Amino acid sequence: MSDLKALSEAVIKGDINSARAETQKALDSGNSAQDILDNGLITAMDEVGRRFSKGLLFVPQMLRSAKTMQECMKLFESLFQEGDITSKGKVVIGTVKGDLHDIGKNLVSMMMEGAGFSIVDLGVDVSPERFVEKVHEIEPDIVAMSALLSTTMPSMRLTIEALKQAGVRGKVKVMIGGAPVTDKYAREIGADCYGPDAGSAVAKAKEILGVS
Ligand code: B12
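Residues numbered from 1 in each chain as written. Predicted model: local features only at pLDDT ≥ 70, side-chain atom pairs only at ≥ 80, totals over all residues. Heavy atoms only, no water.

A. Layout of the coordination of the cobalt atom of the ligand. There is one protein donor for the cobalt atom of the ligand, namely H101 (NE2), at 2.3 Å. Positionally, H101 belongs in the loop between β1 (90-95) and α5 (103-114). (Donors = N, O, S within 2.8 Å, 3.2 Å for Na, K, Ca; no water. Helix = DSSP H or I, 4+ residues; strand = E, 2+ residues; numbered from the N terminus.)

Next up, the structure:
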């Protein structure tokens, strides 16, 4: 099994070619996709975040690292497929208004799709009105929201309020997540559940829908 240090370094530097090569090397030498994700890619993004906070790197480098991570994820996307093609439920997912972070949301989508949910991804900067519109249009089982900024978390509350106003809150379960989000916050704003990571998003979604 590969030690994933070189992969993390390549993601921190935003060196797409080396990072892809290191990801492939790790897959070939038997590291699981989950291991590569947790100990290579996410560790790297955490370090990028730390360096950004300290003023050691800036938005363009953060963006480059994000692109690098997304390119690496493409190499093992298919490994998350469980081979179950019957939908366990319909999920509308998006990053909330004002927020452009999408790696975590994409990972949640990828894992949920792999676990048999059908996903409608609204992308980033999704307004409460847009969530409501999509709920009317496709009648999902779950609305899943992601926020990475403490300043955009309130949009989750506003979306839940908008679902109530539109009379559809009782028809969908609401799941939230993202680095600054907590279980306590989910309870405060009246979400049905919170997931700290993509794996738990799958488990929580199955739990709230009562499917296995
Ligand atoms: C990459 C990055 C960017 C990229 C995003 C590119 C992209 N395509 O996503 C760019 C450069 C655009 C960016 C911009 C900014 N960023 Co930024 N960014 C990051 C960084 C380094 C990594 C985020 C990431 O992708 N992590 C990896 C993924 C896999 O983790 P994740 O998103 O947390 O997702 C996991 C869980 O949270 C969970 N999850 C996520 N969503 C959901 C949803 C559901 C339903 C569930 C159940 C679970 C779940 O599952 C995921 C997988 O396990 C973080 C630092 C960090 N460590 O988080 C800062 C960070 C989030 N950014 C920050 C800031 C300040 C900004 C800017 C304001 C900077 C600026 N001055 O312009 C802008 C804001 C732009 C905007 N309007 O959104 C701060 C936020 C501080 C705060 N708490 O508010 C952070 C924490 C950096 C820091 N330490 O200061 N950023």
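Moving on, there is more to tell.
B. The arrangement of the pattern of salt bridges in detail. Counted by the stated rule, this structure contains 13 salt bridges. Of the charged contacts in the structure, one is a salt bridge between R20 and E71, with a shortest N-O distance of 3.9 Å. With a gap of 51 residues between them, R20 in helix α2 (residues 16-28) and E71 in helix α4 (residues 59-74) connect regions that are remote in the sequence. A salt bridge links K184 to E188, with the nearest nitrogen and oxygen atoms 3.3 Å apart. (Salt bridge = Lys/Arg side-chain N within 4 Å of Asp/Glu carboxyl O.)

C. How the structure looks around the sheet that holds strand β2 (residues 118-121). Here 5 strands make up an open sheet; going across it, the order is β2-β1-β3-β4-β5 and the pairing parallel. The sheet is open, and its two borders are formed by β2 and β5 (193-194), each paired with just one other strand. In the sheet, strand β4 (residues 173-177) pairs with β5 via 2 bridges, with the strands oriented parallel. Its bridge partner being in β5, I176 is matched across the sheet by Y194. (Pairing = 2+ DSSP bridges.)

D. Geometry of the packing of helix α3 (residues 33-53) against α4. With their axes 10 Å apart at the nearest point, α3 and α4 run at an angle of 175° to one another. Taken together, α3 and α4 sit at an angle that is classed as roughly antiparallel. Contacts between α3 and α4 involve L37, L41, I42, M45, V48 and F52 on the former and, on the latter, V59, M62, S65, A66, M69, C72 and M73. Residues that form the contact of α3 with α4 fall into these classes: 12 nonpolar, 1 polar and no charged. (Axes fitted to C-alpha atoms, helices over the stretch in contact; angles between N-to-C directions. Parallel < 35°, antiparallel > 145°, perpendicular 65-115°, else oblique. Contact = heavy atoms within 4.5 Å. Nonpolar A, V, L, I, M, F, W, Y, C, P; charged D, E, K, R; others polar.)

E. How the structure looks around the pairing of β2. Two elements, β1 and β2, share 4 bridges in a ladder whose sense is parallel. Each residue of the ladder has a partner; that of V92, found in β2, is V120. A crossover links β1 with its parallel partner β2, the connecting element being α5, and its sense is right-handed. (Right-handed = clockwise from strand over helix to strand, strands pointing away.)

F. Just the site of the ligand, in detail. Close to the ligand lie 36 residues; S53, L100, H101, D102 and S146 are nearest. Residue D102 places a side-chain N or O atom 2.7 Å away from a nitrogen atom belonging to the ligand. S150 places a polar main-chain atom, nitrogen or oxygen, 2.9 Å from an oxygen atom of the ligand. The set of elements that each furnish at least two residues to the shell around the ligand consists of α3, α4, α5, β3 (142-146), β4 and α9 (198-209). Per element, the largest residue contribution to the shell around the ligand is 6 residues, and it comes from α3. Grouping the constituent residues of the shell around the ligand by class yields 22 nonpolar, 10 polar and 4 charged. (Near = heavy atom within 4 Å. Polar contact = N/O pair within 3.5 Å; in protein donor to acceptor, adjacent residues only side chain to side chain.)

G. Inspection of the nonpolar core at higher detail. Core analysis: the largest hydrophobic core is formed by 41 residues, its most contacted members being L37, L41, M69, M73, F76 and M112. Elements with a minimum of two residues in this core: α1 (5-13), α2, α3, α4, β1, α5, β3 and α9. No other element matches the 7 residues that α3 contributes to this core. (Core = buried A, V, L, I, M, F, W, Y, C linked by side-chain atoms within 4.5 Å. Buried < 20%, exposed > 50% of the residue type's maximum accessible area, 1.4 Å probe, protein only.)

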